[in-house]
Amino acid sequence: MFPAPTYTQRRKQLADRLPTGLILLPGNGEAPMNYRGNAYPFRQDSTFRYFAGLNRPDLLLTIDAETGEGLLYGDEATLDDTIWMGEQPSLAELAQQVGLTVGGSRNEAFGAVAMAEVVHYLPLYREERRRVLRRCVNHSARPSEELIRAVISLRSYKSAEEIAEMDRAVQISMEMHRAARAGAKPGMREAEVAGILEGLAIGAGGRLAYSAIVSRDGHILHNHAHGNVLRQGDLLLIDAGAETDTGYAGDITRTFAVGAEMTEQQRAVYDIVAEAKRRVIEEIKPGVPYRELHDLSARIITDGLKDLGLMKGSTEDAVAAGAHALFYPHGLGHMIGLDVHDMEDLGEDLVGYDAEFRRSEQFGTRNLRLGRRLEEGFTITVEPGIYFIPILTDRWRAEGMHTEFIDYDALAAYRDFGGIRLEDNVVVTADNCRTLGSV
Ligand code: GLY
Ligand code: MN
Ligand code: MN
């Protein structure tokens, strides 16, 4: 948790952005696996945590947009709670830690919100949050676009104290990757490598920021199965990051050959992806549209695949037509912060696009979550990749897709290749950018 003035200032900035109404920011509750006492690991709502700092279940924050007054609501621990969970801080103690005033119990929160003429709340990404809203807000009410935009306008710009936490998240993530790489041996199951990663994330006081991808089937983009046995020389793609005890995420991807040097074929593809990542990072600075850097990465990948004889024709035309997406069907990156895909619950397009840059509708590029111009203080991922996806290749070939740009016959030698992705996290600085974790 940061010192109380950080949260007081954030709440004031939020209130200043809305002329009137009551801002309601519920924290998350416990989600039972099967009964109340056996819950999934508790995950606080990131926006609640941003404005109220507290990482405990069943709290609510309201902010009066006119006066800026912030009130914390929750129920005091019962004797039973204390017996089962140890001594709990009072609501007053919690409020004091983050510069808030106690508003009352949860029921009192519902009463106060029900009385307000205008209530601003954010999109409801969990059924439990819907239930909270139903207790105090009219059925016809909708999430407030004004509040969404105000929250995005604050959370997008990371302060120095947040960047220090992001550095720490990436340092822990890199430690996890180093250990996983050293530990991955032929004959091991992917799950054993996943265990190394997760153990270190927990040992550092936090946890994984998202389900780790640890796969010799790197071409399956978000493959969370860990059932394969690793063989010597397999390409192993690991996409894993830590969430710190303060809630900030790292999101790092590395790909290497298990127990061997890369083959010439593997190395050639790896070098193209590494070149795309390197050149994109070189170009990052305030004012540059991320959509243009995505296109730059697509051109570098297309050029590289042309050198390997897998693509052909004009690079510009191939990228404009979307032919590169056979190999690179995802976006270059996204915002990262308290969420690995930062603020995605607030709406991908409101976070990553604006009036100047609209999301593409083209296959592949439409998965780019961040297209707008970069600004100082943004923390983002850079994650180009090349994948050989048999099911997509067969479909495109059968449909005669982009035959002027793709040599389908040459692709036969890559059918079992898998995929390579490399991912770093950077902070946009006044002049360019800095790779997080590098302090
Ligand atoms: N780890 C998910 C992603 O890279 O977006
Ligand atoms: Mn990732
Ligand atoms: Mn990512």
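The shown structure was predicted, so the numbers you read here are calculated from the model rather than taken from an experiment.

Overview of the coordination of the manganese ion (ligand 3)
At step 1: Taken together, Asp251 (OD), His334 (NE2), Glu383 (OE) and Glu423 (OE) make up the protein donors of the manganese ion (ligand 3), found 2.1 to 2.2 Å from the metal.
At step 2: Each of the six donor atoms around the manganese ion (ligand 3) contributes to a set of angles spanning 49 to 157°, which defines the coordination as irregular.
At step 3: Between consecutive donor residues of the manganese ion (ligand 3), the sequence gaps follow D-x82-H-x48-E-x39-E.
At step 4: If you look at the manganese ion (ligand 3) and the manganese ion (ligand 2), they sit 3.3 Å from each other and are both ligated by Asp251. Taken together, the residues His334 in the loop between α12 (315-321) and α13 (348-352) and Glu423 in the loop between β15 (419-421) and β16 (424-428) connect sequence positions 89 residues apart. Each of the two residues, His334 as well as Glu423, counts as buried.

What about the coordination of the manganese ion (ligand 2)?
At step 1: Here the manganese ion (ligand 2) is held by the protein donor atoms Asp239 (OD), Asp239 (OD), Asp251 (OD) and Glu423 (OE), which lie 2.0 to 2.4 Å from it.
At step 2: Between the six donor atoms coordinating the manganese ion (ligand 2), the angles at the centre fall across 57 to 169°, so the site counts as irregular.
At step 3: Mapped onto the sequence, the donors of the manganese ion (ligand 2) take the spacing D-x11-D-x171-E.

Points about the sheet that holds strand β13 (residues 379-382)
At step 1: The strand order across the open sheet formed by three strands is β13-β16-β17, and the pairing between neighbours is antiparallel. Looking along the sheet, the strands with just one partner apiece sit at the ends: β13 and β17 (433-435). Geometrically, the sheet is characterised by an average inter-axis angle of 35° between neighbouring strands, direction not taken into account.
At step 2: When β16 meets β17, the two strands line up antiparallel, connected through three bridges. What sits directly across from Val428, in β17, is Cys433.

Points about the pattern of salt bridges
Working definition: two side chains of opposite charge can pair if their charged atoms are close together.
At step 1: Considering all chains together, one arrives at 37 salt bridges under this definition.
At step 2: A salt bridge links Asp339 to Arg155; the nearest nitrogen and oxygen atoms lie 2.9 Å apart. Of this pair, Asp339 sits in the loop between α12 and α13 while Arg155 sits in helix α7 (residues 145-155); the two residues are 184 residues apart in sequence, bridging distant segments of the chain.
At step 3: Asp339 sits in the buried class, given a relative accessible area of 15%.
At step 4: The exposure class of Arg155 is buried, given its relative accessible area of 2%.
At step 5: In this structure, Glu375 and Arg372 form a salt bridge, with 2.5 Å as the shortest nitrogen-oxygen distance.
At step 6: It is possible to trace a salt-bridge network through shared partners that takes in Arg43, Arg155, Lys158, Arg207, Glu243, Asp339 and Asp342.

Details of the packing of helix α1 (residues 4-17) against α7
At step 1: Where α1 contacts α7, the two axes come as close as 9 Å, and the packing angle between them is 140°. Accordingly, the angle class assigned to the pair α1 and α7 is oblique. α1 and α7 meet at a crossing whose hand is right-handed. Between α1 and α7, the contacting residues are Arg10, Gln13, Leu14 and Arg17 on the first element and Leu147, Ala150, Val151, Ser153 and Leu154 on the second.
At step 2: For the contact of α1 with α7, a count of residues per class yields five nonpolar, two polar and two charged.

The rules behind each value
- Residues numbered from 1 in each chain as written.
- Chains lettered and ligands numbered in written order.
- Predicted model: local features only at pLDDT ≥ 70, side-chain atom pairs only at ≥ 80, totals over all residues.
- Heavy atoms only, no water.
- Donors = N, O, S within 2.8 Å, 3.2 Å for Na, K, Ca; no water.
- Tetrahedral: all angles 85-135°; square planar, octahedral: opposite > 155°, others 65-115°.
- Helix = DSSP H or I, 4+ residues; strand = E, 2+ residues; numbered from the N terminus.
- Buried < 20%, exposed > 50% of the residue type's maximum accessible area, 1.4 Å probe, protein only.
- Pairing = 2+ DSSP bridges.
- Axes fitted to C-alpha atoms, helices over the stretch in contact; angles between N-to-C directions.
- Salt bridge = Lys/Arg side-chain N within 4 Å of Asp/Glu carboxyl O.
- Parallel < 35°, antiparallel > 145°, perpendicular 65-115°, else oblique.
- Left-handed = near helix turned anticlockwise from the far one by under 90°.
- Contact = heavy atoms within 4.5 Å.
- Nonpolar A, V, L, I, M, F, W, Y, C, P; charged D, E, K, R; others polar.

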